[in-house]
Amino acid sequence: MPVLPIRITGDPVLHAPARPVEVFDDGLRRLIDDLNETMAAAPGVGLAAPQVGVGLRVFVYGWTDDDGTRHAGTAINPRLWLAPTPLGELDDEEESEGCLSLPGERFALRRSPAAILEALDVDAQPYEVHAEGWLARIFQHEFDHLDGVLYADRLAPAEARGAAKAIRKHGWGTPGQTWMPGVDRPEG
């Protein structure tokens with residue numbers, strides 16, 4: 001199970017909708033194993049196939065909540081149902097989000113507090129997860145990747161200016177840029 005290079009914003013695969021998975025085979029299992037290995041090496045709490053250059057509707061997640069409960073899995077061809085997003089001022093600490101495709105950067109983003117994920121597992125079996133808080137945020141973030149949307153694309157104007165400045169500072173925003181988890185140290 002190799003660790004794969006992670007694509008940085010500007011790579012076309014990150015900015016295009018991913019294709020549905022149609023074949024559930026050993027190649028898909030290898031991709032999922034590689035996604036999990038790469039996510040762990042980064043380290044991250046989620047990773048979508050487009051982030052490693054594969055334009056398929058697949059993401060993995062792995063996060064341990066404050067109670068010590070581990071939430072981990074694979075979502076193939078997911079659908080996501082969201083509770084209404086609350087209004088109000090952003091909380092820079094509570095709503096700060098990062099992305100392995102904008103390594104080392106964090107910006108506040110308002111997300112829905114609850115979500116229902118419907119997806120297929122690696123054996124093409126349907127499942128459903130009701131999520132709140134950070135797990136709901138993870139699902140929304142990774143689902144966006146499958147639609148070609150990075151979290152920086154959703155930022156409020158003040159936060160978007162900061163993200164654009166960071167992208168310029170690092171020289172990102174062009175095709176072909178990657179970083180290697182466990183080898184490169186993300187800037188930020």
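In what follows, the accompanying structure is described. Please read these numbers as outputs of a predicted model, since none were measured by experiment.

Analysis parameters
Residues numbered from 1 in each chain as written. Predicted model: local features only at pLDDT ≥ 70, side-chain atom pairs only at ≥ 80, totals over all residues. Heavy atoms only, no water. Helix = DSSP H or I, 4+ residues; strand = E, 2+ residues; numbered from the N terminus. Rg over C-alpha atoms; globule rule 2.2 N^0.38 Å. Buried < 20%, exposed > 50% of the residue type's maximum accessible area, 1.4 Å probe, protein only. Contact = heavy atoms within 4.5 Å. Areas by Shrake-Rupley, 256 points an atom, 1.4 Å probe, with all protein chains shown as cover. Lys, Arg positive; Asp, Glu negative; His and termini not counted. Charge placed at Lys NZ, Arg CZ, Asp CG, Glu CD. Core = buried A, V, L, I, M, F, W, Y, C linked by side-chain atoms within 4.5 Å. 1 Å grid on protein atoms, 1.4 Å probe; cavity = no way out; pocket = protein on both sides within 12 Å on 5 of 7 lines; lining within 4 Å. Points joined across faces, edges and corners; volume = space filled by probe spheres on them. Nonpolar A, V, L, I, M, F, W, Y, C, P; charged D, E, K, R; others polar. Salt bridge = Lys/Arg side-chain N within 4 Å of Asp/Glu carboxyl O. Polar contact = N/O pair within 3.5 Å; in protein donor to acceptor, adjacent residues only side chain to side chain. Pairing = 2+ DSSP bridges.

**Considering the overall build of the chain**
- When its secondary structure is counted, the chain shows three helices and nine strands.
- In the chain, the order of α-helices and β-strands from amino to carboxyl end is β-α-β-β-β-β-β-β-β-α-α-β.
- On C-alpha atoms alone, the chain measures out to a radius of gyration of 16 Å, which is about the 16 Å that the 2.2 N^0.38 rule sets for 188 residues.
- Out of the 188 residues belonging to the chain, those deemed buried represent 45%.
- The contacts in the chain between residues at least 6 apart in sequence include a share of 67% that link residues at least 24 apart.
- As displayed, the chain offers around 9,600 Å² of accessible surface, 52% of which is attributable to carbon and sulfur atoms.
- Between the averaged position of the 17 positive side-chain charges in the chain and that of its 30 negative side-chain charges there is a distance of 6 Å.

**Some words on the nonpolar core**
- Counting residues in hydrophobic clusters, the biggest one holds 33 residues, and the most contacted among them are Leu 35, Leu 47, Val 58 and Leu 102.
- Mapped onto this core, the elements with two or more residues apiece are α1 (26–41), β3 (58–64) and α3 (157–170).
- Sort the elements by how many residues they give to this core and α1 lands first, with five residues.
- When near neighbours in sequence (up to four residues on either side) are disregarded, Leu 102 contacts Thr 9, Leu 150, Tyr 151, Ala 152, Ile 167 and Trp 172.
- Listed in part, the 17 residues of the second largest apolar core include Ala 48, Leu 80, Leu 117 and Leu 146.

**With respect to the layout of surface pockets**
- Approximately 460 Å³ is the volume attributed to the largest pocket.
- Looking at the largest pocket, it is lined by 23 residues, and the ones nearest its centre are Val 45, Gly 98, Cys 99, Leu 100 and Arg 106.
- Broken down by secondary-structure element, the contributors of at least two residues to the lining of the largest pocket are β5 (96–98) and α2 (133–146).
- Take the lining of the largest pocket: its biggest share by element is five residues, from α2.
- Taken together, the residues of the lining of the largest pocket sort by class into twelve nonpolar, six polar and five charged.

**Some thoughts on the side chain of Glu 142**
- By the element assignment, Glu 142 lies in helix α2.
- An unpaired buried charge is present at Glu 142: no salt bridge exists, and Arg 111, the closest side chain of opposite charge, is 8.2 Å distant.
- Separated by 3.2 Å, the side chain of Glu 142 and the backbone nitrogen of Ala 48 make a polar contact.
- The residues touching Glu 142, leaving out its near neighbours within four places in the chain, are Gly 46, Leu 47, Ala 48, Gln 51, Phe 59 and Val 60.

**So, the environment of Leu 35**
- Note that Leu 35 resides in helix α1.
- As a C-alpha pair, Leu 35 and Ala 158 span 123 residues in sequence and 32 Å in three-dimensional space.
- Residues in contact with Leu 35, not counting those within four places in the same chain, are Leu 47, Ala 48, Ala 49, Val 52, Val 58 and Val 60.

**Digging into the pairing of β3**
- The buried fraction of β3 amounts to six of the seven residues, a majority that puts the element mostly inside the structure.
- Here three bridges tie strand β2 (residues 46–48) to β3, and the two strands are oriented antiparallel to one another. Bridging across to β3, Gly 46 finds its partner in Tyr 61.
- Sheet topology note: the β3/strand β4 (residues 70–82) ladder contains seven bridges and is antiparallel. Looking across to β4, one finds that Tyr 61 is bridged to Gly 73.
- Hairpin connection from β3 to β4: five residues lie between these consecutive antiparallel strands, with Gly 68 at a positive phi of about 85 degrees.

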